[in-house]
Amino acid sequence: MQRPRELAPPEGFAEFVAARSDALLRSAWLLTGDAGRAEDLLQTVLADVWRRWATIRSAGHPEAYLRRALFTTYVSWWRRRWRSEIPSQPPDEAARGDVAGESADRDAVRRALARLSRQQRAIVVLRYVEDLTVQRTAEVLGCSHNTVKVQAFRALRILRTDPNLELFAAWRSRSDA
């Protein structure tokens, strides 16, 4: 039985999602600090992109478009209030050997990023995780390059005060030079 035409994925969409969803989900997690919210963010963006996939794909660089949509959707989510339950404890993850160190690092990064504003978090992820230039980060977020520089400086200043976050020590020496 063939699926109705309106439910069939646009040409190339399923392949793109299969190939790039892990990287996009990782970026969404770094932005939100929560696996569930990261999945919601990526799903929201993919649902929006689905409708215009043919146009986006024909324009070239669909991943760049999708990443911009991911970051701008995240930054604009402040308008939406969270009205669901918030668990008092994180759910137990499946046992996969000794992951205490990795878990502690992830938790330290999540808590440190949670101390930043949404814009600062988006800028840190774009600049230092996605390794975009100041100009490209400004283009993705739709702000000036001076805003990117100032917010990155402020974000790094906040992150430097976190004693549990050794990950940013390299950034400290790089930005102070």
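Above this text you will find the structure in question.
Residues numbered from 1 in each chain as written. Predicted model: local features only at pLDDT ≥ 70, side-chain atom pairs only at ≥ 80, totals over all residues. Heavy atoms only, no water.

### A short note on helix H8 (residues 145-160)
Next up, step 1: Spanning 16 residues, H8 covers 22 Å between terminal C-alpha atoms, matching the ideal 22 Å at 1.5 Å per step.
Next up, step 2: Those residues of H8 lying buried are Val148, Gln151, Ala152, Ala155, Leu156 and Leu159. All buried residues of H8 fall inside an arc of 135° around its axis, so they share one side. (Helix = DSSP H or I, 4+ residues; strand = E, 2+ residues; numbered from the N terminus. Expected span 1.5 Å × (residues − 1). Buried < 20%, exposed > 50% of the residue type's maximum accessible area, 1.4 Å probe, protein only. Arc of directions from axis to C-beta.)

### Let's talk about the pattern of salt bridges
Next up, step 1: One pass over the full model with this rule turns up 7 salt bridges.
Next up, step 2: Counted as one network, the salt bridges with shared partners bring together Arg20, Glu63, Arg67 and Glu130. (Salt bridge = Lys/Arg side-chain N within 4 Å of Asp/Glu carboxyl O.)

### A few points about unusual backbone geometry
Next up, step 1: For histidine 61, which is not glycine, the phi dihedral falls at a positive 55°.
Next up, step 2: Here histidine 61 shows up in the loop between helix H3 (53-59) and helix H4 (62-76).
Next up, step 3: Residue classification places histidine 61 among the exposed residues on the basis of a relative accessible area of 67%.
Next up, step 4: Backbone geometry places aspartate 131, a non-glycine residue, at a positive phi of 60°.
Next up, step 5: Looking at where aspartate 131 falls in the secondary structure, it is placed in the loop between helix H6 (118-129) and helix H7 (134-141).

### Some details on the packing of H7 against H8
Next up, step 1: Remark: H7 packs on H8, axes separated minimally by 8 Å, with the N-to-C direction vectors making an angle of 105°. Considering their axes alone, H7 and H8 lie roughly perpendicular with respect to each other. In contact with Val134, Gln135, Thr137 and Ala138 of H7, H8 contributes His145, Val148 and Lys149.
Next up, step 2: In terms of residue class, the contact of H7 with H8 is built from 3 nonpolar, 3 polar and 1 charged. (Axes fitted to C-alpha atoms, helices over the stretch in contact; angles between N-to-C directions. Parallel < 35°, antiparallel > 145°, perpendicular 65-115°, else oblique. Contact = heavy atoms within 4.5 Å. Nonpolar A, V, L, I, M, F, W, Y, C, P; charged D, E, K, R; others polar.)

### Overview of the side chain of arginine 121
Next up, step 1: Here arginine 121 is to be found in helix H6.
Next up, step 2: No salt bridge is formed by the buried arginine 121; the nearest opposite charge belongs to aspartate 34, separated by 9.9 Å.
Next up, step 3: Here leucine 31 takes part through its backbone oxygen, which lies 2.6 Å from a polar atom of the side chain of arginine 121.
Next up, step 4: Residues in contact with arginine 121, not counting those within four places in the same chain, are Leu30, Leu31, Thr32, Tyr74, Leu113, Ala114 and Leu116. (Lys, Arg positive; Asp, Glu negative; His and termini not counted. Polar contact = N/O pair within 3.5 Å; in protein donor to acceptor, adjacent residues only side chain to side chain.)

### Observations regarding the environment of leucine 24
Next up, step 1: Mapped onto the elements of the fold, leucine 24 is located in helix H1 (residues 13-32).
Next up, step 2: Apart from residues lying up to four places away in sequence, leucine 24 is in contact with Phe16, Leu42, Leu66, Arg67 and Leu70.

### Examining H7
Note that an α-helix has 3.6 residues per turn; residues three or four places apart therefore point the same way.
Next up, step 1: Val134, Thr137, Ala138, Val140 and Leu141 are the residues of H7 that are buried. Along the long axis of H7, the arc covered by the buried residues comes to 160°, so they all point the same way.
Next up, step 2: Next to the buried residues of H7 lie H4, H6 and H8.
Next up, step 3: Downstream of H7 by one or two residues, glycine 142 has phi in the positive range, about 70°.

### Let's talk about the environment of proline 10
Next up, step 1: Relative to the helices and strands, proline 10 resides in the segment before H1.
Next up, step 2: Spatially, the C-alpha atom of proline 10 lies 8.4 Å from that of arginine 51, the residues being 41 residues apart in sequence.
Next up, step 3: Once residues lying within four places of it in the same chain are set aside, the contact partners of proline 10 are Trp50 and Trp53.

### Some words on the packing of H4 against H6
Next up, step 1: Their axes nearest at 9 Å, the elements H4 and H6 cross at an angle of 160°. Compared by their axis directions, H4 and H6 come out roughly antiparallel. The chirality of how H4 crosses H6 is right-handed. Residue-level inspection shows Phe71, Tyr74 and Val75 of H4 in contact with H6, the latter providing Arg118, Arg121, Ala122, Val125 and Leu126. (Left-handed = near helix turned anticlockwise from the far one by under 90°.)

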